[in-house]
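# Structural description and commentary
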Amino acid sequence: MPVVVVESPAKAKTINKYLGDNYTVLASYGHVRDLPPKDGSVDTDNEFDMKWEVASTSKKHVKAIADALAGDNELILATDPDREGEAISWHLQEALTKRKSIKKDTPVSRVVFNQITKKAVTEAMANPRQVDMPLVEAYLARRALDYLVGFNLSPVLWRKLPGAKSAGRVQSVTLRIIVEREMEIEVFRAREYWTVKAILSTPRGQEFEARLTTLAGKKLDKFDLSDSTQAEMAVQAITSRDLSVTSVEAKPATRNPSAPFMTSTLQQEASRKFGMGAKATMSTAQRLYEAGHITYMRTDGIDMAPEAVEMARDAIKDRYGADYVPSSPRIYKNKAKNAQEAHECVRPTDMAKDAASLNLESDQAKLYDLIWKRTLACQMESARMERTTVEIGSKDEQVGLRATGQVVLFDGFLRVYEEGRDDVVVDDDDKRLPQISQGDKTAKSSITPEQHFTQPPPRYTEATLVKRMEELGIGRPSTYASIVTTIQDRGYVRREGQRLIPEDKGRLVTAFLENYFRRYIGYDFTADLEDQLDKVSANDANYKDVLTRFWRDFSAAIAETADLRITEVLEKINEVLEPHLFPPLEDGGDPRLCPNCGNGRLSMRTARSGGAFIGCSAYPECRYTRPFGPPNPEAEASAIPPEGKLLGSDAGDEIRVFKGRFGPYVQRGEVTEENKKPPRQSVPKEWPPEELELERALMLLSLPREIGPHPEDGIMVWSNIGRYGPYLKHAPSTSDRGGTNANLGDIDEVFTVGMNRAVQLLAEKVASRGGRGAAAKPLRELGEHPAAGGAVNVMKGKYGPYVKWEKINATIPDTIDPEELTMDQAVHLIDERAEKAGKKKPAAKKKAAPKKAPAKKPAAKKTAAKKPAAKKPAAKKAVPAKKDDEA
């Protein structure tokens, strides 16, 4: 039986259903090899030779495939139909060849399918090919570039910019987009403007809304009414004149549906409609794809297969009638800057099935419904409207107002789906106007001036960020989600609601890179590099030439930073960020002069935690500080300076709140030679440290709180706040690792919970785990370890069944049924686990020497003859487990 390899167990299960018992379908569980994170993994002196390692978590999966090939000498690589999938197939072929599982006579083929349906899988099996090496080489170039940038640029950041974590080829460019938007927001100055709204009525008494467009015979621009005085004058001008309808114009309009989803638009729409992050969207889409419900979800393409178009048109006709099906199919052409991964669009595999007809989990149902509706809508008839514009004016033509409205004549695709918007836009066209004719007199019901202010550009959401990356040609469908996640995980960006806000360290990293590595975080440079990689995948360029050109200039840029001092870097960043950090003062004074001492100069300083603040050059004589960013008197008043914010005193000790490396905390007293570790307590995230008061700080410092001895056993019960939130502990002391812990509902309960409630919660916790200290029951008892003794059992674990012997737990591979596991297999797994953990393998159990029979009392004056000592039986030698590369 040929061995078919896919990425995931879910995909393997679905494909196995279609292929039947004639194939062995196994999963690689994603990438099996990667570059080890150490110097020399990409050898720049040896034509960019790359040293790959099989990941420790992948060894058992590679071994399972190798074991299967030992009995079935044919390999079919059926990984995903994109660059990453091609790379996984290549890695598998290389790894299996290296361990001699693929022999000279082993047929190896590659099959791809864009959807996991019986028809698609069968067709793919009938049309195998070899691994696409140009696509693999594009992957190799990308991986080498990411390694060279990350492994060479990140150490420069660590040395020159305290607190910085890493830099990346695309990650740093994406961070720059967010930082630049934030700086646009900060320099933005709102501008006031006014509009005038009138509620008018027709001769039949029907009211409608109109807005002032002409004043003093001149068409109004946005800022013509700049204050309330001008707005009131406009109101008077309308009030003092009779108005009538000067023209009514009705125009037909059509609205066309949006194109079907590709990766970026799917992520954007899921974010708009459900608030789903890019990573969550792709994870949910992956599960839908692996279950055979949708086509492949990483694509730059928006075209649909002809049979899919026909399927959609049939589904529309069946559900909504022939009027909703256009006379000819809609054809969509890709408009992306690069379309390197242009597979078919993301669509359902069966258009006749809506979300209700599939038994799906909540997130999967929502996302499938979105994809299904968008796909049907893209092949539906346009919506037809009538847009009406009514002009109203005074007889002297000094005042003019306009009313607009819209009527939907035929809903078309809007019956199924309407695309979301990133920002709320008020559209007056959506209003319906009453019947009105030219020459009609209009009575004035009310005239209202309205004040407005221009708004700064909005912060990016994950959806709008992906859209911007796509527009700039940065990243690819397979990388959008991971890039957006990485900059958040590194602490460079935080997410508030749906919006992405750069942290101090993110701003500093961007300022540093813009000054010393400007070219490498340039939008055009990054997009051009993506274009070159696309040419490699199309076999139009040599990937080593691309790497050579990049490394020549990049290594020189790295070398230029070798002699930079930290103080020099910080001063340069001060200079670059000066317009942002120290904007001109209204009185024309020096914005960098310390307002506290009047002598020192303000400059940016970095903290070990990676944050930044503005401090005085006269430190320690002057301890003035303010938060990083432009001056903000309100923020300065509540900010926590590096020396901590004094909350008050208690029993002669100062109580301060600090911002530490691992978060905010309160401290009693100062650090001295005699008191190197004064009492401290973390501030819970629910309590903003800037707003913390003395009373609450003292409550925190009083923890852990003794509730009292437990009524059943007299052992103390405590309440405290730990790493994972508020909890109860039933143990002799809070430092005791044993005992029972139970979660509390909220922070306040730590200080108020009584014994009755505590006893109840602790009892519930004990009951939930089947009794305190109760040992888990084994699934199977295999017996005594044949070499070393001691029970060997099969146990049920959180992540699947495992073998337990004494203190060694060994996971049972997916390829072995726990119910059929033999003692020999169990011993082999235990030996493997012991070797990996650096523990000694189970030694042979020593048999006790046979007991001597009680000696008879010797006769007087006779010496008992010495008997030779009984030889101990030779220890049974444990057979060493074979290593993966010996199997």
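What counts and how
Residues numbered from 1 in each chain as written. Predicted model: local features only at pLDDT ≥ 70, side-chain atom pairs only at ≥ 80, totals over all residues. Heavy atoms only, no water. Patch = residues over 30% accessible without salt bridge, like charges linked within 9 Å, V, L, I, M, F, W, Y side chains within 5 Å. Areas by Shrake-Rupley, 256 points an atom, 1.4 Å probe, with all protein chains shown as cover. Salt bridge = Lys/Arg side-chain N within 4 Å of Asp/Glu carboxyl O. Lys, Arg positive; Asp, Glu negative; His and termini not counted. Charge placed at Lys NZ, Arg CZ, Asp CG, Glu CD. Helix = DSSP H or I, 4+ residues; strand = E, 2+ residues; numbered from the N terminus. Buried < 20%, exposed > 50% of the residue type's maximum accessible area, 1.4 Å probe, protein only. Expected span 1.5 Å × (residues − 1). Bend = angle between axes of the 7 residues up to and from the residue. Contact = heavy atoms within 4.5 Å. Arc of directions from axis to C-beta. Axes fitted to C-alpha atoms, helices over the stretch in contact; angles between N-to-C directions. Parallel < 35°, antiparallel > 145°, perpendicular 65-115°, else oblique. Left-handed = near helix turned anticlockwise from the far one by under 90°. Pairing = 2+ DSSP bridges.

## What about a positive patch on the surface?
On the surface, a cluster of positive charge is contributed by Lys-59, Lys-60, Arg-833 and Lys-836. Contributions of two or more residues to the positive patch are made by helix 2 (59-71) and helix 22 (823-836). Along the polypeptide, Lys-836 turns up in helix 22. Judged by its relative accessible area of 59%, Lys-836 falls in the exposed class.

## Details of helix 17 (residues 566-581)
Counted at 1.5 Å a residue, the expected span for helix 17 with its 16 residues is 22 Å, but the 19 Å between its end C-alpha atoms falls short. Approximately 40° is the largest bend angle found in helix 17, and it occurs at Glu-575, with the proline Pro-579 only one to four residues beyond. Looking at the buried side of helix 17, the elements it contacts are helix 5 (133-160), helix 6 (171-187), helix 14 (504-516), strand 18 (602-606), strand 19 (612-616) and strand 20 (625-627).

## Comments concerning the pattern of salt bridges
A full pass over the atoms with the stated rule returns 48 salt bridges. Linking Arg-211 and Glu-450 is a salt bridge whose minimum nitrogen-to-oxygen distance equals 3.4 Å. One end of the pair, Arg-211, is in strand 10 (residues 207-215); the other, Glu-450, is in strand 15 (residues 441-453), and 239 residues separate them in sequence. Within the structure, one salt-bridge network assembled from shared partners comprises Glu-269, Arg-272, Lys-273, Arg-374 and Glu-419.

## A closer look at the side chain of Ser-101
In this structure, Ser-101 sits in the loop between helix 3 (83-98) and strand 8 (108-110). Non-local contacts of Ser-101, meaning those with residues more than four positions away in its chain, are made with Ala-66, Leu-69, Leu-96 and Thr-106.

## Notes on helix 21 (residues 755-768)
With 14 residues, helix 21 extends 20 Å between its outermost C-alpha atoms, agreeing within 8% with the 20 Å of an ideal straight helix rising 1.5 Å per residue. Of the residues making up helix 21, those classed as buried are Met-755, Ala-758, Val-759, Leu-761 and Leu-762. Around the axis of helix 21, the buried residues are gathered within 165° of arc, so they sit on the same side. The exposed set on the far side of helix 21, more than 90 degrees from its buried face, consists of Asn-756, Ala-767 and Ser-768. Its buried side turned inward, helix 21 meets strand 25 (705-709), strand 26 (716-722), strand 27 (725-730) and strand 28 (740-743).

## Describing the side chain of Arg-330
Its place among the elements puts Arg-330 in the loop between helix 10 (306-320) and helix 11 (362-377). Among buried charged residues, Arg-330 stands out as having no salt bridge; its nearest opposite-charge side chain is Glu-381, 4.4 Å away. With sequence-adjacent residues up to four places away left out, Arg-330 is seen in contact with Asn-256, Pro-257, Cys-378, Gln-379, Met-380, Glu-381 and Ser-382.

## Here we look at the packing of helix 12 (residues 462-472) against helix 13 (residues 480-489)
Contact geometry of helix 12 with helix 13 gives a least axis separation of 11 Å together with a crossing angle of 120°. Relative to helix 13, the element helix 12 is oriented oblique. For the pair helix 12 and helix 13, the crossing hand works out as right-handed. The residues of helix 13 that touch helix 12, namely those facing Glu-462, Leu-465, Val-466, Met-469 and Glu-470, are Tyr-480, Ile-483, Val-484, Ile-487 and Gln-488.

## Here we look at unusual backbone geometry
The phi angle of most residues is negative, glycine excepted, and most peptide bonds adopt the trans form. Cis geometry is adopted by the peptide bond preceding Pro-620, which originates at Tyr-619 and carries an omega value of 10°. One can find Pro-620 in the loop between strand 19 and strand 20. A cis amide bond links Leu-703 to the next residue, Pro-704, at an omega of -5°. Mapping Pro-704 onto the fold places it in the loop between helix 19 (694-701) and strand 25. The backbone of Ala-651 sits at a positive phi, close to 55°, despite the residue not being glycine. One can find Ala-651 in the loop between strand 21 (645-650) and strand 22 (653-660).

## A word on the pairing of strand 9 (residues 192-201)
Within strand 9, seven of the 10 residues are buried, which leaves it mostly tucked inside the rest of the structure. Relative to strand 10, strand 9 runs antiparallel, the two sharing five bridges. Of the residues in strand 10, the one forming a bridge with Lys-197 is Arg-211. Where strand 9 folds back onto strand 10 in an antiparallel hairpin, the turn is made up of five residues, including Gly-205, whose phi is positive at roughly 85°.

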